[in-house]
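Here's the letter readout for the chains.
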Amino acid sequence: MESVVYMSSCAATVFVGALVIVAIMLMTLLTSLSVMLQSCKSREAGVLENDHHHRHHHHLQQRMQHRYDYDYCKMAALNAEISSFDAYTLPDFCKDAAVKYIKEGHYMRELNDSVSLVENYFHGVVSHDGGHDVVLMDIDDFLPANTLRTNPMLYGYNRYGCDDCVREAKHMKHVFLIELYTKLESGGWPLILLSRKPEQLRDATVDDLKSSGCRGWLKIIMRSDEGMKTDTRDYFLKQKTAIEVEGYRIRAVVSSHMDMLVGSFIKAQNFKLPNTLPVAPTHAII
């Protein structure tokens, strides 16, 4: 026999109303949870976005500061070299800027562009006057990379873990300039090589040049004992004057050091190659 539950109309109304209230409460709860979840996601996304924006802004500031440091040090180094000041007069942070300059590939790009500039110039000109047009080249830029151990400018670079990168950059300059030398010599340009080193090192210098593949130079000029006592700027200026007195016409000068490029030889085309270090000393033998 089936059991039947009887409910008055009032009780049924109350029961249905309760169900409706429960359903409304559940919907409200679900809506609240959904809103809270969305708010959490938005807040988390906002935190991540702010963190990303902060890191990006910080990285941008670092790049701008590094660029400012590099530009400042480059200008300070150029002025120091022109004025024949010691490299140690530059701020300490310039060494860090020089390391980044090498490690980030800026030096190699500038070296490549500078050598290309020289090559492009000589593609458009020819030697005249029966071999009396000459090109002066800085022989100290040619020396093998192992001579870097005598360079006092390396002092302190081990603090930045960059002794090797400076050596590699010096080696690459050596390679680039040997290739440039070969192209100029094969193109028929008489080459006069000048050095800051004493005459006593002539034989060793010639051996270094020959072992590097250099041949056919017009002459090599080393410093006499008296010349070693003078500032390199005065020394190079005197040698340029003597070369022109001999009847030669200087068509171009190629060096990574300002001391060889200064002077009143307006007709000569000067090519300044980049340096790996903040400033090259004009008094030290490098």
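Residues numbered from 1 in each chain as written. Predicted model: local features only at pLDDT ≥ 70, side-chain atom pairs only at ≥ 80, totals over all residues. Heavy atoms only, no water.

**Details of the nonpolar core**
Worth spelling out the cut-off: To define a nonpolar core, start from buried Ala, Val, Leu, Ile, Met, Phe, Trp, Tyr and Cys residues and group those joined through side-chain atoms within 4.5 Å. Burial status follows relative accessibility: with a 1.4 Å probe on protein chains alone, a residue under 20% of its type maximum counts as buried, one over 50% as exposed, and anything between as partly exposed. By the criteria applied, helices consist of DSSP H or I runs no shorter than four residues and strands consist of E runs no shorter than two, each listed in order from the N terminus. Note on contacts: a residue pair is in contact if any heavy atoms of the two residues lie within 4.5 Å.
By size, the foremost hydrophobic cluster in this structure holds 34 residues, and its most contacted members are Phe122, Val135, Met137, Phe142, Leu180 and Leu184. If you list the elements that add at least two residues to this core, you get helix H2 (93-103), helix H3 (106-123), strand S1 (133-138), helix H4 (163-186), strand S2 (191-198), helix H5 (202-211), strand S3 (219-223) and strand S4 (249-255). Sorting elements by how many residues they give to this core places H4 first, with nine residues. Each residue touching Met137, except ones within four places of it in the same chain, is listed here: Phe142, Leu180, Tyr181, Leu184, Leu191, Ile192, Leu193, Leu194, Val254 and Met260. Membership of the second largest hydrophobic core comes to 14 residues, among which are Leu194, Phe236, Ile250 and Met260.

**Describing the pattern of salt bridges**
Two side chains that carry opposite charge are able to pair once their charged atoms sit near each other. Short version of the rule: We define a salt bridge as a contact between a side-chain nitrogen of Lys or Arg and a carboxyl oxygen of Asp or Glu at a distance within 4 Å.
The full count for this structure, using the stated rule, is 12 salt bridges. As a salt-bridge pair, Asp133 and Arg249 come within 2.9 Å of each other at their nearest N and O atoms. Placement of Asp133 in strand S1 and of Arg249 in strand S4 is noted, with a sequence separation of 116 residues between them. Lys183 is paired through a salt bridge with Glu179; the nearest N and O atoms lie 3.5 Å apart. In this pair, Lys183 and Glu179 are both assigned in helix H4, four residues apart and thus about one turn of the helix distant.

**Things to note about the pairing of S2**
What counts here: A strand pair is defined by DSSP finding two or more bridges across the two strands. Clockwise travel from the first strand over the helix to the second, with the strands pointing away from the viewer, marks a crossover as right-handed.
Counting buried positions over the eight residues of S2 gives eight, a clear majority of the element. Burial along S2 is two-sided: the face carrying Leu191, Leu193, Ser195 and Lys197 and the face carrying Ile192, Leu194, Arg196 and Pro198 are both buried. Here S1 pairs with S2 via four bridges, running parallel. Within S2, the residue paired with Met137 across the bridge is Leu193. Where S2 lies against S3, four bridges are found, and the strand directions are parallel. Pairing of Leu193 across the sheet is with Ile220, part of S3. Handedness of the crossover joining S2 and S3 through H5 is recorded here as right-handed.

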